[in-house]
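# Residue-level structure breakdown
As a plain string of letters, each chain reads:
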Amino acid sequence: GRKFMNRITINILATLAGLVFSPAISADGDGSVSLDEAAERYVRLVLAMGEHDASYVDAYYGPARWREDAAAATPDLETISGRARALQESLQDTSADCGSDGYLRRSYLAIQLGSLAAYADSKAGDGFESFDAEALALYDTQPPVRELSGFDGILAQLDELLPGEEPLHERVSQFTRQYEIPPDRLDAVFKNAIEACRERTLPYIALPANEDFVLEYVTDVPWGAYNWYQGNAHSLIQVNTSFPLFIDRAIDLGCHEGYPGHHVYNALLEEEFVNQRGWMEFSVYALFSPQSLIAEGTANYGVDLAFPGDEKLEYEKSHLYPLAGLDPSTAEQYRQFREISAELTYARNEVARLFAVGE
């Protein structure tokens with residue numbers, strides 16, 4: 001498992017950050033716009049979109065003046081969309097002979113600009129015609145379709161694992177309640193889990209020497225946990241205590257939000273691309289964009305990289321269950337429950353797909 005993690009890490013970093021630096025490259029034959037200029041225009045457009053929708057800019061650590069300019073003279077949504085599409089078109093029309101790093105930058109900018117234009121159009125109009133249209137326009141992906149009846153077999157497995165006369169959802173609620181982390185033990189459990197995630201990341205990924213995070217507990221927000229990247233290799237990781245927090249979430253969130261998830265991902269983007277290469281397009285993170293597909297996918301996959309096989313269960317039993325005051329002898333049954341019920345998460349896509357079209 002550790003060798004596999006090392007190999008995957010090397011491949012990811014080679015793809016994202018192993019290219020040879022070259023100076024600004026002309027975006028077309030007559031030199032009308034360089035990639036550095038295109039990058040600045042893209043960042044300014046994202047910041048302008050953020051003035052229309054406060055959720056759009058998830059992180060920014062570029063020049064303060066660019067953000068001030070966006071706030072002082074914010075173009076309307078139609079203008080943002082038009083400028084994004086024009087810039088995207090100019091990038092698509094450029095010569096392919098600009099080196100591997102130029103190709104990477106141009107491709108990234110073009111796809112992000114298309115998403116930005118689509119989002120501006122949706123805000124100016126009536127949104128998207130369907131869930132699938134939105135997923136393709138904003139995230140450049142087509143989620144698989146699963147019929148709701150296809151989950152019946154998974155429900156049958158849960159029914160067998162948790163026998164009883166009550167409705168299945170009540171049995172599930174009763175079963176999972178015994179794995180809820182008590183509020184007075186939450187901080188100790190989460191700090192231990194995040195530190196374990198960090199220890200398992202450091203042997204394979206060199207992080208900036210000053211990297212760090214602050215852990216906060218919040219309420220009344222719509223998500224379970226969130227990483228707010230602050231720049232300079234620092235993050236604010238917030239955990240929502242309005243919802244019950246179960247023992248398996250400690251490592252999941254520690255890896256996903258911290259190591260080797262969002263905190264590491266953003267710190268490496270900033271260090272390698274912005275600080276070392278001056279690729280300013282990576283100084284801003286547009287939340288509703290293809291970049292999020294990569295960020296969320298790698299953060300989820302980071303759990304299995306840091307804790308392959310049975311290592312997550314064994315660590316929970318030996319460290320986290322005792323810290324939470326829970327009985328580790330029942331951990332195996334809870335693991336079985338998690339593995340079966342994980343397949344039900346795909347139902348969220350189907351519910352969203354139906355909701356988006358009023359069904």
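Residues numbered from 1 in each chain as written. Predicted model: local features only at pLDDT ≥ 70, side-chain atom pairs only at ≥ 80, totals over all residues. Heavy atoms only, no water.

### Regarding the overall build of the chain
The condition that has to hold: The helix and strand labels rest on DSSP assignments: H or I over at least four residues marks a helix, E over at least two residues marks a strand, and numbering proceeds from the N terminus. Buried residues are those whose accessible area, probed at 1.4 Å on protein chains only, stays under 20% of the maximum for their type, while exposed residues exceed 50% and partly exposed ones sit between those limits. Every residue pair with non-hydrogen atoms within 4.5 Å of one another is taken to be in contact.
Along its length, the chain carries 15 helices and five strands. Counting every position in the chain, which comprises 359 residues, the buried fraction comes to 46%. A separation of at least 24 residues holds for 70% of the contacts in the chain among residues at least 6 apart in sequence.

### Points about the environment of Leu215
Checked against the element boundaries, Leu215 lands in strand 2 (residues 212-218). Judged by its relative accessible area of 18%, Leu215 falls in the buried class. When the C-alpha positions of Leu215 and Val239 are compared, they lie 7.7 Å apart, and in sequence the two are 24 residues distant.

### Observations concerning helix 15 (residues 347-356)
Note the threshold: By arc we mean the arc of the directions from the helix axis to the C-beta atoms, nothing more.
Where helix 15 is concerned, the buried positions are Ala347, Glu350 and Arg353. Seen along its axis, helix 15 keeps its buried residues to an arc of 120 degrees; they face one direction. Looking at helix 15, the residues exposed on the side facing more than 90 degrees away from the buried face are Arg348, Val351 and Phe355. Structurally, helix 15 contributes buried residues whose contacts are with helix 6 (131-139).

### Here we look at the nonpolar core
So the rule is basically this: Take the buried residues of types Ala, Val, Leu, Ile, Met, Phe, Trp, Tyr and Cys, join any two whose side-chain atoms come within 4.5 Å, and each joined set is a nonpolar core.
Membership of the largest hydrophobic core comes to 46 residues, with the highest contact counts inside it found for Phe190, Ile247, Ile251, Phe307, Leu320 and Phe337. Elements supplying a minimum of two residues to this core: helix 7 (152-161), helix 8 (168-177), helix 9 (186-201), strand 4 (234-240), helix 10 (248-258), helix 12 (290-306), helix 13 (311-324) and helix 14 (331-341). Here the element with the most residues in this core is helix 9; it accounts for seven residues. By size, the runner-up hydrophobic cluster in this structure holds 31 residues, among which are Tyr42, Trp66, Leu77 and Leu116.

### A few points about the confidence of the model for the chain
This is how it is decided: Predictor confidence is given residue by residue as pLDDT, running from a minimum of 0 to a maximum of 100.
Across the chain, the average pLDDT comes to 90, with 89% of residues at 70 or higher. Every residue in residues 1-31 is under pLDDT 50, and counting partners more than four places away or in other chains gives 51 contacts.

### A closer look at empty space enclosed by the protein
We apply this condition: Computed over the protein atoms alone on a 1 Å grid, cavities are sets of points where a 1.4 Å probe fits but cannot get out and pockets are open sets with protein on both sides within 12 Å along at least five of seven lines; a residue lines them when it has an atom within 4 Å of a point. Grid points are joined across faces, edges and corners, and a volume is the space filled by probe spheres set on the points.
Within the structure shown, the criterion is met by one cavity of 30 Å³ or more. For the largest cavity, the full set of lining residues is Phe190, Ile194, Ile237, Val239, Leu253, Gly254, Glu257 and Gly258. Put simply, the parts of the chain that give the lining of the largest cavity at least two residues each are helix 9, strand 4 and helix 10. Per element, the largest residue contribution to the lining of the largest cavity is four residues, and it comes from helix 10.

### Concerning the packing of helix 10 against helix 11 (residues 262-276)
Applied cut-off: The axes are straight lines fitted to the C-alpha atoms, using for helices just the contacting stretch, and the angles between their N-to-C directions are given from 0 to 180°. By definition in this entry, angles of less than 35 degrees are roughly parallel, angles greater than 145 are roughly antiparallel, angles of 65 to 115 are roughly perpendicular, and the rest are oblique. Gly is put with the polar residues, along with every residue not named as nonpolar or charged; the nonpolar set is Ala, Val, Leu, Ile, Met, Phe, Trp, Tyr, Cys and Pro, and the charged set is Asp, Glu, Lys and Arg.
Put simply, helix 10 and helix 11 touch, their axes get as near as 4 Å, and they point 10 degrees apart. Overall, the two elements helix 10 and helix 11 adopt an arrangement that is roughly parallel. Contacts between helix 10 and helix 11 pair His256, Glu257 and Gly258 from the former with His262, His263 and Val264 from the latter. Of the residues contributing to the contact of helix 10 with helix 11, the split by class is one nonpolar, four polar and one charged.

### Points about the pattern of salt bridges
Our working definition: Only one rule defines a salt bridge in this text: a Lys or Arg side-chain nitrogen within 4 Å of an Asp or Glu carboxyl oxygen.
In this structure the tally under the stated criterion is 22 salt bridges. For Arg44, the salt bridge is made with Glu40, and the minimal N-O distance between the two is 3.0 Å. Of the two residues, Arg44 and Glu40 both sit in helix 2 (residues 35-52), four residues apart, roughly one turn of that helix. Close ionic contact of Arg105 with Glu281 constitutes a salt bridge, the shortest N to O distance being 2.8 Å. One end of the pair, Arg105, is in helix 5 (residues 99-124); the other, Glu281, is in the loop between helix 11 and strand 5 (284-286), and 176 residues separate them in sequence. On the basis of relative accessible area, Arg105 is assigned to the buried category, the value being 4%. According to the relative accessible area criterion, Glu281 is buried, its value standing at 0%. Connected through salt bridges with shared partners, the residues Asp248, Asp252, Lys312, Glu316 and Arg338 form a single ionic network.

### Regarding the environment of Ala324
Mapping Ala324 onto the fold places it in helix 13. Ala324 sits in the buried class, given a relative accessible area of 1%. Separated by 136 residues in sequence, Ala324 and Ala188 place their C-alpha atoms 8.1 Å apart. For Ala324, the contacting residues outside a window of four places in its chain are Ile181, Pro182, Arg185, Val189 and Ile247.

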